[in-house]
Amino acid sequence: MTLTPAPVSAPAHAPAHAPAHAHAPAPLPPLAARARTVGGSPVREILAVTARPEVINFAGGLPAPELFDREGIAAAFRAVLEQAPERALQYSTTEGEPALRQRLAARVSARGLPTGADDLLVTTGSQQALSLLASALIDPGDTILVESPCYLAALQVFGLAGARVLPVPGDADGVDPAALAELIRAERPKLLYLVPTFQNPTGRTMPAARRAALATTAARHGLWIIEDDPYGELRYDGDHAPWIASFPGAEDRTVLLGSLSKVMAPGLRLGWLRAPDALRRACAVAKQAADLHTPTLNQLAAARYLDVLDAHVAKVRAVYGERRDAMLAGLADALPAGSTWQRPEGGMFLWARLPSSYDTTALLRRVVEQNVAYVPGEPFYAADPDRSTLRLCFVTQTPEEIGEGLRRLAKGLGGNASLEAP
């Protein structure tokens with residue numbers, strides 16, 4: 001309904017020569033086309049709707065707050081402020097504090113990818129790294145390739161950059177190298193974006209042989225690879241998979257992204273990217289324009305905390321592994337007959353596919369009425385979404401809460417809940 005304001009008389013103190021009424025102001029110029037065409041995050045919108053404390057929320061990708069090392073992190077901040085307050089509270093270099101980059105480089109090198117401090121750019125969360133890469137690499141209309149399904153916020157970044165985003169067919173092990181080669185020949189894309197370890201949203205991990213094949217394909221056809229690894233340290237069983245960046249052929253064309261959000265604390269907003277020199281310098285220029293640098297105090301505190309991070313991560317892995325097992329144990333009773341899912345070796349997410357007649361977007365409202373929530377699978381697809389899919393986060397709740405949440409989920413999905421997908 002449109003409300004039309006009533007006419008307003010000129011004020012009594014208005015000059016005699018003033019017009020009886022002012023002209024209506026001209027409309028403002030429109031928003032940029034990219035802002036008009038790219039929507040918000042459905043995950044964030046679901047979290048806003050389900051923020052009530054009685055809701056057991058499997059929708060968010062939120063680390064368990066009770067596991068944050070509050071004392072250890074506070075001690076790191078106190079030490080920095082006591083020992084180097086002038087430096088900690090001052091502007092810093094765009095590339096990042098040398099102390100943090102040195103320690104991060106040592107961690108990356110210890111995991112099999114020789115890295116120096118100057119190979120890294122510190123970012124305000126790994127999400128900013130994606131935005132910087134989009135600024136440095138993507139022109140409007142460029143074609144980029146992604147997994148299907150794909151990390152939702154990456155789709156947002158690429159959409160805002162004006163890219164043409166195409167999904168690469170794959171299987172339970174991730175992107176199919178033969179399908180990738182065919183798309184490269186047909187579409188001449190600029191880059192391939194991957195989360196090969198404990199992928200968001202599916203939780204799957206790409207085997208080493210598949211990673212090597214993708215590195216070879218990218219080298220043969222001249223393709224950038226963005227390898228996003230925010231969850232790699234959250235492994236509960238199975239063997240470590242080497243980074244794609246470590247395989248022959250990938251050295252000069254792979255950008256590796258990392259984050260401290262899932263293993264230290266997301267509120268610190270600390271991430272990093274490792275990239276070849278020219279691209280890393282271009283990203284640094286983009287970062288200068290975005291925020292000058294990541295907060296100095298947070299960087300210095302994190303650099304100090306990295307000395308004890310491994311012990312903390314070991315505790316987190318033990319707890320999260322139990323929570324994953326609790327969710328896996330209850331899924332068969334919670335989901336409709338005929339549903340399928342994989343057992344993730346680590347990370348934070350579990351992906352399920354219900355029978356094809358189910359539309360998880362249409363069902364969400366009914367499920368939320370039971371005070372439980374998930375993320376429908378539809379927004380994770382660049383094209384041709386599977387509407388019977390959903391994502392569950394298993395790390396935020398205790399095993400007891402997970403059990404109760406799955407009982408509520410079963411109630412919300414049960415009975416006559418099968419809504420036909422269009």
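Residues numbered from 1 in each chain as written. Predicted model: local features only at pLDDT ≥ 70, side-chain atom pairs only at ≥ 80, totals over all residues. Heavy atoms only, no water.

## Details of the overall build of the protein chain
Along the protein chain, the regular secondary structure elements total 14 helices and 15 strands. Compactness check: the protein chain gives a C-alpha radius of gyration of 24 Å against a globular reference of 22 Å for 422 residues, within 12% of the reference. In terms of principal-axis extent, the alpha carbons of the protein chain reach across some 85 × 60 × 55 Å. With 422 residues in all, the protein chain has 50% of them scored as buried. Of all intrachain contacts in the protein chain linking residues separated by at least 6 positions in sequence, the fraction that spans at least 24 positions is 75%. Averaging the positions of the 41 positive and the 44 negative side-chain charges in the protein chain gives two centres separated by 2 Å. (Helix = DSSP H or I, 4+ residues; strand = E, 2+ residues; numbered from the N terminus. Rg over C-alpha atoms; globule rule 2.2 N^0.38 Å. Buried < 20%, exposed > 50% of the residue type's maximum accessible area, 1.4 Å probe, protein only. Contact = heavy atoms within 4.5 Å. Lys, Arg positive; Asp, Glu negative; His and termini not counted. Charge placed at Lys NZ, Arg CZ, Asp CG, Glu CD.)

## Concerning the packing of helix H5 (residues 98-110) against helix H11 (residues 296-305)
H11 packs onto H5 with a crossing angle of 40° between their chain directions and a minimal axis gap of 8 Å. Compared by their axis directions, H5 and H11 come out oblique. Of the two possible hands of crossing, H5 and H11 adopt the one that is left-handed. Facing H5, whose interface residues are Ala99, Leu100 and Arg103, H11 presents Gln299, Ala302 and Ala303. Partitioning the contact of H5 with H11 into residue classes produces four nonpolar, one polar and one charged. (Axes fitted to C-alpha atoms, helices over the stretch in contact; angles between N-to-C directions. Parallel < 35°, antiparallel > 145°, perpendicular 65-115°, else oblique. Left-handed = near helix turned anticlockwise from the far one by under 90°. Nonpolar A, V, L, I, M, F, W, Y, C, P; charged D, E, K, R; others polar.)

## Digging into the sheet that holds strand S2 (residues 120-123)
If you trace the seven strands from one edge of the open sheet to the other, you get S2-S10-S9-S8-S7-S3-S4, paired in mixed fashion. In this open sheet, the two edge strands, each paired with only one partner strand, are S2 and strand S4 (164-167). Taking each pair of neighbouring strands and ignoring which way they run, the sheet shows an average axis angle of 20°. Sheet analysis places strand S3 (residues 143-146) next to S4, joined by four bridges and oriented parallel. (Pairing = 2+ DSSP bridges.)

## Structural notes on the nonpolar core
If you look at the biggest cluster of nonpolar residues, it comprises 107 residues, and the most contacted ones within it are Ile138, Phe158, Tyr193 and Leu409. Considering every element that reaches this core, the biggest residue donor is helix H12 (residues 309-334), with eight residues. For Phe158, the residues in contact, after removing those within four places along its chain, are Leu130, Ile138, Ile144, Val146, Ala163, Val165 and Tyr193. Ala179, Leu194, Ala218 and Leu223 belong to the second largest nonpolar core, which has 19 residues in total. (Core = buried A, V, L, I, M, F, W, Y, C linked by side-chain atoms within 4.5 Å.)

## Here we look at the pairing of strand S8 (residues 224-228)
In terms of burial, S8 is a largely internal element, four of the five residues being buried. As paired strands, strand S7 (residues 191-194) and S8 are joined by four bridges and run parallel to one another. The partner of Leu191 across the bridge, within S8, is Trp224. Traced from S7 through helix H9 (residues 208-221) to S8, the parallel crossover comes out right-handed. In the sheet, S8 pairs with strand S9 (residues 254-259) via four bridges, with the strands oriented parallel. Paired with Asp228 across the bridge in S9 is Leu257. (Right-handed = clockwise from strand over helix to strand, strands pointing away.)

Scope: geometric values only; no functional claims are made or implied.
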